[in-house]
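Single-letter residue listing:
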Amino acid sequence: QVQLVESGGGLVQAGGSLTLSCAASGRTINSGAQGWFRQVPGKEREFVATISWSGSSTYYADSVKGRFTISRDNVQKKVYLQMNSLKFEDTAVYYCAARKALGVGILQSEYDYWGQGTVVTVSS
């Protein structure tokens, strides 16, 4: 099993920045590509960003493209989500996910492991 723990969430004003971190532990040899998803209460969880195991490939949801950057440090076993120019509509619980496959994935069903989530609140 792979355990994922998110951190870095909090309250920020619109236009501000936050960096989320996701630390992996356990049988991380089973962990390949990783991604970030988010969910607003009452709505479906949605894809935000994904990065391949090597870090050479990334993909973003249109809603965050140009504002968010996903990166990873395989030595530290961490994945990051740098969020700039935050908007009120970015308010959500952000989840880190990992999949066994090495390539990027944008569907929830493609991921094998999930964190518990970290709350991001953007005040307008």
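One can find the structure itself at the top, above this paragraph.
Parameters and conventions
Residues numbered from 1 in each chain as written. Predicted model: local features only at pLDDT ≥ 70, side-chain atom pairs only at ≥ 80, totals over all residues. Heavy atoms only, no water. Helix = DSSP H or I, 4+ residues; strand = E, 2+ residues; numbered from the N terminus. Buried < 20%, exposed > 50% of the residue type's maximum accessible area, 1.4 Å probe, protein only. Areas by Shrake-Rupley, 256 points an atom, 1.4 Å probe, with all protein chains shown as cover. Lys, Arg positive; Asp, Glu negative; His and termini not counted. Charge placed at Lys NZ, Arg CZ, Asp CG, Glu CD. Phe/Tyr/Trp six-rings, centres within 6.5 Å; stacked < 30°, edge-to-face > 60°. Lys NZ or Arg CZ within 6 Å of the ring centre and 35° of its normal. Disulfide = S-S within 2.5 Å. Pairing = 2+ DSSP bridges. Axes fitted to C-alpha atoms, helices over the stretch in contact; angles between N-to-C directions.

Draft legend 1. Geometry of the overall build of the protein chain. Across its full length, the protein chain carries zero helices and eleven strands. From first element to last, N terminus to C terminus, the protein chain shows the α and β order β-β-β-β-β-β-β-β-β-β-β. Seen through its C-alpha atoms, the protein chain measures out along the principal axes to roughly 40 × 25 × 25 Å. Counting the 124 residues in the protein chain, one finds 41% classified as buried. Total accessible area on the protein chain stands at roughly 6,400 Å², and carbon and sulfur atoms take up 50% of it. Between the mean site of the 12 positive side-chain charges and the mean site of the 9 negative ones, the protein chain shows a separation of 5 Å.

Draft legend 2. Molecular detail of the packing of aromatic side chains. What the rule picks out here adds up to five aromatic pairs. When the ring of Phe37 is compared with that of Phe47, the centres are 5.8 Å apart and the planes differ by 75°; the resulting orientation is edge-to-face. With Phe37 in strand β4 (residues 34-39) and Phe47 in strand β5 (residues 46-51), this residue pair connects regions lying ten residues apart in the sequence. For the residue pair Phe37 and Phe47, the accessibility class agrees, reading buried in each case. One aromatic cluster is present, built from ring pairs that chain together Phe37, Phe47, Tyr59, Tyr111 and Trp114. Positioned over the ring face of Tyr95 is Arg45, at 3.8 Å from the centre of the ring. Seen from the ring of Tyr59, Lys65 lies directly overhead, with NZ or CZ sitting 5.8 Å from the centre.

Draft legend 3. Looking closely at the state of the cysteines. A full pass over the atoms with the stated rule returns one disulfide. Across the disulfide from Cys22 sits Cys96; the S-S distance is 2.0 Å. What sets the handedness of the Cys22 and Cys96 disulfide is the S-S torsion sign, and at about -75° it is left-handed. With Cys22 in strand β3 (residues 18-26) and Cys96 in strand β9 (residues 92-98), this residue pair connects regions lying 74 residues apart in the sequence.

Draft legend 4. Representation of the sheet that holds strand β7 (residues 68-73). Across the sheet, which stays open at both edges, the four strands sit in the order β1-β3-β8-β7 with antiparallel pairing between neighbours. Only two strands of the sheet have a single partner each, and these edge strands are β1 (2-7) and β7. Neighbour-to-neighbour, the strand axes of the sheet open up by a mean angle of 15°, direction not taken into account. Here β7 runs beside strand β8 (residues 78-83); their pairing, made up of six bridges, is antiparallel.

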